[in-house]
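Chain by chain, the residues:
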Amino acid sequence: MNQRSGTQLLPWVTAFAVAMAFLESSVVVYLRAIYYPSGFDFPMVPIAPRIALTELVREFSTLVMLMAPGALVSKRTLDRFAWFCYCFAVWDVFYYVFLKLILDWPTNLFTWDILFLLPVVWVGPILAPCMVSVGLIILSVLILWRRRREPSYKPEYWQWVLLVTAGCMILWTFIEGPWRHLGRYRTGSSESDVFAALNDYVPNHFNWGVFLLAYGLAGIAVVRMAQGVWPLKRTS
């Protein structure tokens, strides 16, 4: 099978991610019509266990679907990773674009939202995941562009260390509040008990200091990777 170039694939992969975003936002529109008829806000309203489990499986299925394009267009692990990052980021950005068009929500970029449910509830101001998505788009396009010019290219070990460290720090900023809130409850609870425990959780603080530090660390790695494409002039 002849492999298409990244330039040929990009419009199709982008269209797939945008369509996935609309599907995701349409499901949220239905859920909010049922559970939040007056508009979404914290604390979370009680959700039936069957619906909660369906949501968890749906989010896992979404991740599988976002991994599929990369797996179909390339046999190389790094390329697949880059395509997944690109799909995820475009999907996430357009998810909020469609919610704004359909529901006129969020009201601003600092509106709090439930970002994800696996392995624990993620929350944060919408600006934060949007910033992550922009970074992932830059990272993924950079990797694919460099791999097109240098098929054997891989980020250096220290760059991976910075990226993984930054990713873990950013993840912590999203799950810190719900994690600490759930820590008040006895471990070993069922999924329905976990959702019930979050019914009185209202986020009121986001650790922007840790988030921006992590974003900066990832930025250092990305800038260094970009120097291989656009070499910076050196002064003697």
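Residues numbered from 1 in each chain as written. Predicted model: local features only at pLDDT ≥ 70, side-chain atom pairs only at ≥ 80, totals over all residues. Heavy atoms only, no water.

(A) Main features of the overall build of the protein chain. Assigned secondary structure in the protein chain consists of seven helices and two strands. Listing the helices and strands of the protein chain from first to last along the sequence gives α-α-α-β-β-α-α-α-α. The buried share of the protein chain, reckoned over its 236 residues, is 42%. When the accessible surface of the protein chain is split by element, carbon and sulfur atoms take 67% of a total near 13,700 Å². (Helix = DSSP H or I, 4+ residues; strand = E, 2+ residues; numbered from the N terminus. Buried < 20%, exposed > 50% of the residue type's maximum accessible area, 1.4 Å probe, protein only. Areas by Shrake-Rupley, 256 points an atom, 1.4 Å probe, with all protein chains shown as cover.)

(B) Up close: the packing of helix α4 (residues 127-149) against helix α5 (residues 157-182). Between α4 and α5, the least distance of the axes is 12 Å, while the angle of their chain directions is 160°. With respect to α5, the element α4 is oriented roughly antiparallel. Handedness of the α4/α5 crossing: left-handed. Contacts between α4 and α5 pair Ala128, Pro129, Val132 and Leu139 from the former with Leu163, Ile170 and Phe174 from the latter. (Axes fitted to C-alpha atoms, helices over the stretch in contact; angles between N-to-C directions. Parallel < 35°, antiparallel > 145°, perpendicular 65-115°, else oblique. Left-handed = near helix turned anticlockwise from the far one by under 90°. Contact = heavy atoms within 4.5 Å.)

(C) Here's a closer look at helix α7 (residues 208-226). If you check α7, its first and last C-alpha atoms are 26 Å apart, about what 19 residues at 1.5 Å a residue would give, namely 27 Å. Those residues of α7 that are buried are in contact with α4 and α5. (Expected span 1.5 Å × (residues − 1).)

(D) Up close: the environment of Met44. Position of Met44 among the secondary structure elements: in the loop between α1 (6-35) and α2 (49-73). As a C-alpha pair, Met44 and Asn199 span 155 residues in sequence and 5.0 Å in three-dimensional space.

(E) Looking closely at the side chain of Thr173. With respect to the element layout, Thr173 can be found in helix α5. Residue Thr173 is classed as buried on the basis of its relative accessible area of 5%. With sequence-adjacent residues up to four places away left out, Thr173 is seen in contact with Val123, Phe206, Asn207, Val210 and Phe211.

(F) Molecular detail of the pairing of strand β1 (residues 112-116). The buried fraction of β1 amounts to four of the five residues, a majority that puts the element mostly inside the structure. Here four bridges tie β1 to strand β2 (residues 122-125), and the two strands are oriented antiparallel to one another. Looking at the pairing, Asp113 lines up with Gly124 of β2. Here β1 hands over to β2 after five residues, the two strands then running antiparallel side by side. (Pairing = 2+ DSSP bridges.)

(G) Seen up close, a nonpolar patch on the surface. On the surface, a cluster of nonpolar side chains totalling about 520 Å² of accessible area is made up of Phe22, Phe94, Val97, Leu101, Ile102 and Leu103. Sorting elements by how many residues they give to the nonpolar patch places helix α3 (residues 77-103) first, with five residues. By secondary structure assignment, the location of Ile102 is in helix α3. (Patch = residues over 30% accessible without salt bridge, like charges linked within 9 Å, V, L, I, M, F, W, Y side chains within 5 Å. Salt bridge = Lys/Arg side-chain N within 4 Å of Asp/Glu carboxyl O.)

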